[in-house]
Amino acid sequence: VSSKSCFDRPNAIEDAAEMREYIRSLPDAITANQQKIDKVMSDYELLEDFYYNLSTDDFNAKWTCFAWPAKIDDLIERTNENLTQDEERFSKILSSDQANFEDKMD
């Protein structure tokens, strides 16, 4: 599962479970990298203290680094909402399939 697949809707309950497991690992990955992010932001602040003009690429890198944890949190929230809807859909499909099976058995 990757960030790209967080935008994809699961095709089965197993896919949804795998995606939930992946999502649960993301906060730990962010926390593990937060020290690096803080260091980078501190370095950029030091450059600003000396009125160093950042290149466009450096400026974009700074704000990308700053914004990604919040973007990931937003993605997690939206994906969890979608997964809840998908799980409800899978549950309805399962109930319908069970009812059809029971009808065939009678």
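Cut-offs and rules
For every chain, the first residue of the written sequence is number 1, and numbering continues from 1 along that sequence. Per-residue local features are limited, in this predicted model, to residues with pLDDT of at least 70; the limit for side-chain atom pairs, both in listing and counting, is 80 or more; totals at the level of whole chains, interfaces and linings are taken over all residues. To get the side-chain values, take all heavy atoms of the structure and skip hydrogens and water. By salt bridge we mean one thing: a side-chain nitrogen of Lys or Arg within 4 Å of a carboxyl oxygen of Asp or Glu. Strands here mean DSSP runs of E at least two residues long; helices mean DSSP runs of H or I at least four residues long; both are numbered from the N terminus. For the exposure calls, accessible area comes from a 1.4 Å probe over protein chains only, and a residue counts as buried if that area is under 20% of its type's maximum, exposed if over 50%, partly exposed in between. Without a salt bridge and with relative accessible area above 30%, a residue can belong to a patch; like charges are then joined within 9 Å and nonpolar side chains (Val, Leu, Ile, Met, Phe, Trp, Tyr) within 5 Å. The method behind every accessible area is Shrake-Rupley, applied with a 1.4 Å probe, and residues are considered shielded solely by the protein chains displayed. Under this rule, positive means Lys or Arg and negative means Asp or Glu; His and the chain ends count for nothing. Taken as the charge centre is NZ of Lys, CZ of Arg, CG of Asp or CD of Glu, depending on the residue. Among the buried residues, those of types Ala, Val, Leu, Ile, Met, Phe, Trp, Tyr and Cys that are joined through side-chain atoms within 4.5 Å form a nonpolar core. Contacts were defined at the residue level, with two residues in contact if any of their heavy atoms lie within 4.5 Å. Side-chain rings of Phe, Tyr and Trp, where Trp is taken by its six-membered ring, are said to pair if the distance between their centres is within 6.5 Å; with planes under 30 degrees apart they count as stacked, over 60 as edge-to-face, and otherwise as tilted. Here, a charge over a ring is recorded when the distance from Lys NZ or Arg CZ to the ring centre is within 6 Å and its angle to the ring normal is within 35 degrees. Axis definition: a line fitted to C-alpha atoms, limited for helices to the stretch in contact. Angles are taken between N-to-C directions and run from 0 to 180 degrees. Throughout, the term roughly parallel applies to angles under 35 degrees, roughly antiparallel to angles over 145, roughly perpendicular to angles from 65 to 115, and oblique to all others. Throughout, a crossing is termed right-handed when the near helix is turned clockwise from the far one, and left-handed when it is turned anticlockwise from it by less than a right angle.

**With respect to the pattern of salt bridges**
Evaluation of the coordinates by the stated rule reveals six salt bridges. The closest approach of N and O atoms between R9 and D86, which form a salt bridge, is 2.9 Å. With a gap of 77 residues between them, R9 in the segment before α1 (13-49) and D86 in helix α2 (residues 56-105) connect regions that are remote in the sequence. A salt bridge links D74 to R78; the shortest N-O distance between them is 3.1 Å. In this pair, D74 and R78 both sit in helix α2, four residues apart, roughly one turn of the helix. Given the relative accessible area of 39%, D74 is considered partly exposed.

**A look at a negative patch on the surface**
On the surface, a cluster of negative charge is made up of E14, D15, E18 and E21. Relative to the helices and strands, E21 is located in helix α1.

**A closer look at the nonpolar core**
Membership of the largest hydrophobic core is limited to seven residues, which are A16, M19, I23, L26, I76, L83 and F90. For this core, the secondary-structure elements that each account for two or more residues are α1 and α2. Take this core: its biggest share by element is four residues, from α1. In contact with L26, not counting residues within four places along its chain, are I72 and I76.

**Looking at the environment of Q35**
Tracing the backbone through its elements, the reader meets Q35 in helix α1. Residues Q35 and I13 lie 22 residues apart in sequence; the distance between their C-alpha atoms is 36 Å.

**Observations concerning the packing of aromatic side chains**
Taken as a whole and judged by the stated rule, the model has two aromatic pairs. An angle of 80 degrees between the planes, with centres 5.2 Å apart, marks the rings of W63 and F66 as edge-to-face. Pair noted here: W63 and F66 are both in helix α2, with a separation of three residues, about one helical turn. The structure contains a cluster of three or more aromatic residues connected by ring pairs, namely F59, W63 and F66. Taking NZ or CZ as reference, K71 lies 5.2 Å from the ring centre of W68, over its face.

**Looking at the environment of I76**
You can see I76 is positioned in helix α2. The spacing of I76 and A32 is 44 residues in sequence and 17 Å in space, taken between C-alpha atoms. With sequence-adjacent residues up to four places away left out, I76 is seen in contact with I23, L26 and P27.

**Let's talk about the packing of α1 against α2**
Running from amino to carboxyl end, α1 crosses α2 at an angle of 165 degrees, the nearest separation of the two axes being 9 Å. Compared by their axis directions, α1 and α2 come out roughly antiparallel. Handedness of the α1/α2 crossing: left-handed.

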